[in-house]
Amino acid sequence: MRNISLVSLFVGLNDLLGKRVDVLKSFAAGAASVKLLTSKRDALAKLPAVTEGRPLVGELDAADTRHDALGYAVWHFLESYLVHPDTSAELRAGAKSIRAALIPTLGDLVASYPAEAKAAMDRKVQLPALESTLVMFPVAGGGTLLDWAKGFLAAGEKIDSLLSARADLENSSRKDAARLRGEVIGLLNRMRKNLALELKDDPSLPADLDAKVFGYFDLLETTSAEAQAKGKPVEEVPPPPATPV
């Protein structure tokens, strides 16, 4: 089963421990393996590679939403000063310098997560030089535009920290996936060898027992191998055969 994909392995294992569990329990090696295979199946079910999810999706979405909202607030706040006909030359110049340094265009707020995170880190070094200008703009509720700017950049840095944490989690997940895949394949291969020995020693076992237990895995293995040969991911798995009698 060296070519079987992780998703296909989980699907096959889930099928084996579901509708084929009686067949699995009908020979000694299979019955002895039920508990351990169930544990491995449950562990596989928690992997992002099987659930097709990515870690920290909600946290990243929340950080990005906050980052963009603060950015729009700062941009439009400055826009109101720039379009107002009675804005002083000093404030107009200050608004232009702030916007040029922090949010040159609204397009900056629809960039990718990495791009927004990098921009926040790059622009944070400019904040000290802008502080005297930012405090010229008070905001309702107390404080000044400096507080808004700090919040905006902090939100961008939060995106960076979450992306870093995601990378760590995904790296750990890949290691867990490789380990579990190897363990499950090893268990199944040993069980298949033991079944062959049992078939030789026990004539009461049905001759097609190997096909009933491992036939779906063989089909999944073939499907995975064909997809890999074509350089394509295995997006779908073939349906299991009919419930064995």
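Owing to the predicted nature of the structure, the values given are computational and were not obtained by experimental measurement.

I keep staring at the overall build of the chain and nothing clicks. Help me out?
When you go through the chain residue by residue, the secondary structure sums to 10 helices and zero strands. Traced from its N-terminal end to its C-terminal end, the chain shows the element sequence α-α-α-α-α-α-α-α-α-α. Within the chain, residue pairs in contact and separated by at least 24 positions form 74% of the contacts whose partners lie at least 6 positions apart. In the structure as shown, the chain presents an accessible area of about 13,100 Å², 57% of it carried by carbon and sulfur atoms.

Whenever I open this one, the packing of aromatic side chains confuses me. Can you help?
One pair of aromatic rings is described through two measures. These are the centre distance and the angle between the planes. Using the criterion set out here, one finds five aromatic pairs in the structure. Between Phe214 and Phe217, the ring centres sit 6.5 Å apart and the planes meet at 45°, which makes this aromatic pair tilted. In this pair, Phe214 and Phe217 are both assigned in helix H10 (residues 209-229), three residues apart and thus about one turn of the helix distant. The residues Phe214 and Phe217 share a single accessibility class, namely buried. Through a chain of ring-to-ring contacts, three or more aromatic side chains come together here, namely Phe77, Tyr81, Phe137 and Trp148. Lying across the ring of Trp75, Arg99 places its NZ or CZ 4.2 Å from the centre.

Any chance you could explain the confidence of the model for the chain here in plain terms?
When pLDDT is low, close inspection of the predicted coordinates is not appropriate. Averaged over every residue, the pLDDT of the chain is 88; the share at 70 or more is 87%. Ranking the elements of the chain by mean pLDDT puts helix H4 (residues 48-51) last, at 59, and helix H6 (residues 89-102) first, at 97.

Mind showing me how you'd approach the side chain of Thr144 here?
By the secondary structure assignment, Thr144 is in the loop between helix H8 (127-134) and helix H9 (145-201). Look at Thr144 and you get buried, because its relative accessible area is 17%.

What's the story with the pattern of salt bridges in this structure? I'm lost.
Working definition: two side chains of opposite charge can pair if their charged atoms are close together. Inspection of every chain in the model, using the stated rule, returns 12 salt bridges. Salt-bridge contacts for Asp122 lead to Lys118; the nearest nitrogen and oxygen are separated by 2.6 Å. Taken together, the residues span about one helical turn, with Asp122 and Lys118 both in helix H7 (residues 113-124) at a distance of four residues. Residue Asp122 is classed as partly exposed on the basis of its relative accessible area of 39%. Put simply, Asp15, Lys19 and Arg20 are held in one network by salt bridges that share partners.

Explain the nonpolar core here, please?
Note on soluble globular proteins: their nonpolar side chains tend to be buried together. Within the largest apolar cluster, 31 residues are counted, with the highest numbers of intra-cluster contacts made by Phe27, Leu37, Leu188, Met191 and Phe217. Among the elements of the structure, helix H1 (6-16), helix H2 (21-24), helix H3 (28-45), H9 and H10 are those that each provide at least two residues to this core. The element best represented in this core is H9, accounting for eight residues. What Phe217 contacts, discounting residues up to four positions off in sequence, is Met1, Ile4, Leu9, Gly12, Leu13, Leu16 and Leu188. One finds Leu70, Phe77, Leu130 and Ala155 within the second-largest nonpolar core, a separate group that totals 24 residues.

It is not clear to me how the environment of Ala93 should be interpreted in this structure. Could you clarify?
With respect to the helices and strands, Ala93 occurs in helix H6. As a C-alpha pair, Ala93 and Tyr81 span 12 residues in sequence and 10.0 Å in three-dimensional space.

Even after reading the chapter, I still don't get the packing of helix H5 (residues 57-83) against H6, so can you show me in this structure?
Between two packed helices, both the angle of their axes relative to each other and the distance between the axes serve to describe the pair. It is the contact of H5 with H6, at a shortest axis distance of 9 Å, that shows an interaxial angle of 150°. In this view, H5 runs roughly antiparallel relative to H6, as classed from their interaxial angle. By crossing handedness, the relation of H5 to H6 is classed as left-handed. Side by side, H5 and H6 meet where Trp75, Leu78, Glu79, Tyr81 and Leu82 of the first sit next to Leu91, Arg92, Ala95, Lys96, Ile98 and Arg99 of the second. When the residues that make up the contact of H5 with H6 are grouped by side-chain class, the tally is seven nonpolar, no polar and four charged.

Help me out: how do you make sense of H7 in this one?
Within an α-helix, residues lying three or four positions from one another point in the same direction, as the helix has 3.6 residues per turn. When the terminal C-alpha atoms of H7 are compared, their 17 Å separation across 12 residues agrees well with the 16 Å that a helix rising 1.5 Å per residue should span. Of the residues making up H7, those classed as buried are Glu116, Ala117, Ala119, Ala120 and Arg123. Summarising the axial view, the buried residues of H7 lie within an arc of 160°, below the 170-degree limit, and thus occupy one face. Turned more than 90 degrees from where H7 packs its buried face, Pro114 and Lys118 sit exposed.

Conventions adopted
Residues numbered from 1 in each chain as written. Predicted model: local features only at pLDDT ≥ 70, side-chain atom pairs only at ≥ 80, totals over all residues. Heavy atoms only, no water. Helix = DSSP H or I, 4+ residues; strand = E, 2+ residues; numbered from the N terminus. Contact = heavy atoms within 4.5 Å. Areas by Shrake-Rupley, 256 points an atom, 1.4 Å probe, with all protein chains shown as cover. Phe/Tyr/Trp six-rings, centres within 6.5 Å; stacked < 30°, edge-to-face > 60°. Buried < 20%, exposed > 50% of the residue type's maximum accessible area, 1.4 Å probe, protein only. Lys NZ or Arg CZ within 6 Å of the ring centre and 35° of its normal. pLDDT = per-residue confidence, 0-100. Salt bridge = Lys/Arg side-chain N within 4 Å of Asp/Glu carboxyl O. Core = buried A, V, L, I, M, F, W, Y, C linked by side-chain atoms within 4.5 Å. Axes fitted to C-alpha atoms, helices over the stretch in contact; angles between N-to-C directions. Parallel < 35°, antiparallel > 145°, perpendicular 65-115°, else oblique. Left-handed = near helix turned anticlockwise from the far one by under 90°. Nonpolar A, V, L, I, M, F, W, Y, C, P; charged D, E, K, R; others polar. Expected span 1.5 Å × (residues − 1). Arc of directions from axis to C-beta.

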